[in-house]
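# Structure assessment
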Amino acid sequence: MSVNSNVNVSFSESMAPSTVTASTMTLRNTTLNTAVTGTVLYVPSSNSAVFTPTSPTPLANNTLYTVTLSTAATDLAGNPLASPFNSVFTTAALPDTTR
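First things first, this report covers the structure right here in the doc. (Residues numbered from 1 in each chain as written. Predicted model: local features only at pLDDT ≥ 70, side-chain atom pairs only at ≥ 80, totals over all residues. Heavy atoms only, no water.)

### Let's talk about the pairing of strand β3 (residues 34-43)
The test is simple: Here, a strand pair is defined by DSSP locating no fewer than two bridges between the strands. For helices the rule is a DSSP run of H or I covering at least 4 residues; for strands it is a run of E covering at least 2, with both sets numbered from the N terminus onward.
In this sheet, β3 lies alongside strand β2 (residues 25-29) in antiparallel orientation, the contact comprising three bridges. Bridging from a neighbouring strand, Leu 27 pairs with Val 36 of β3. Here β2 folds back onto β3, and the loop between the two strands holds four residues, one of which, Asn 33, carries a positive phi near 55°. Sheet analysis places β3 next to strand β4 (residues 48-55), joined by seven bridges and oriented antiparallel.

Okay, here's the thing in C-alpha cells:
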C-alpha cells in the first residue's frame, strides 16, 4: 500500500454515521506500537469508512499497520459489530534509487 494512501473499510450494510468516527476506527503502526492520528469519514453511498492519516504523514515505508473498528460502531438499527474488526497491511518499500 502506498504511504500516501487513505485506509478504507467497507461494510456489508449501512452504518450509523455518528458511530463511525476517529474513536471507533483507529490506525496503529504495529511495528512501533504507536497510534496514527487522523480523521474518519463515513461514506453512506458506498457503506465505507475512510481513515485519512494526519500525523505522521505520510505513513512510514515498509511498515506494518493495523486498522481496527471497535464494537461501538453500529448499523442503522443500532446493532454493534459482532466483534472488533482488525486488518493488517504493510506499506510499500522505499524505491531503489541507486544506479
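### Side note on the environment of Pro 17
What counts here: Any two residues having at least one pair of non-hydrogen atoms within 4.5 Å are treated as being in contact.
Among the structural elements, Pro 17 can be located in the loop between β1 (7-10) and β2. Sequence separation between Pro 17 and Leu 94 is 77 residues; the distance between their C-alpha atoms is 36 Å. Setting aside chain neighbours within four positions, we find Pro 17 in contact with Tyr 42 and Leu 76.

### Points about the packing of aromatic side chains
As a reminder of what qualifies: Paired rings are identified among Phe, Tyr and Trp, the last through its six-membered ring, by centres lying within 6.5 Å, and are further divided according to the angle between planes into stacked (under 30 degrees), edge-to-face (over 60) and tilted (the rest). Each residue is placed in one exposure class: buried if its accessible area under a 1.4 Å probe, protein chains only, is under 20% of its type's maximum, exposed if it is over 50%, and partly exposed if it falls in between.
Taken as a whole, this structure holds two aromatic pairs when the rule is applied. With a centroid separation of 6.2 Å and 55° between ring planes, the pair formed by Phe 11 and Tyr 42 is classed as tilted. In this pair, Phe 11 is assigned in the loop between β1 and β2 and Tyr 42 in strand β3, connecting sequence segments 31 residues apart. Classification of Phe 11 by relative accessible area gives buried; the value is 14%. For the pair Tyr 65 and Phe 89, a centre-to-centre distance of 5.7 Å together with 20° between the ring planes defines the contact as stacked. With a gap of 24 residues between them, Tyr 65 in strand β5 (residues 64-69) and Phe 89 in strand β6 (residues 85-90) connect regions that are remote in the sequence. Accessibility classification places Tyr 65 together with Phe 89 in one group, the buried group.

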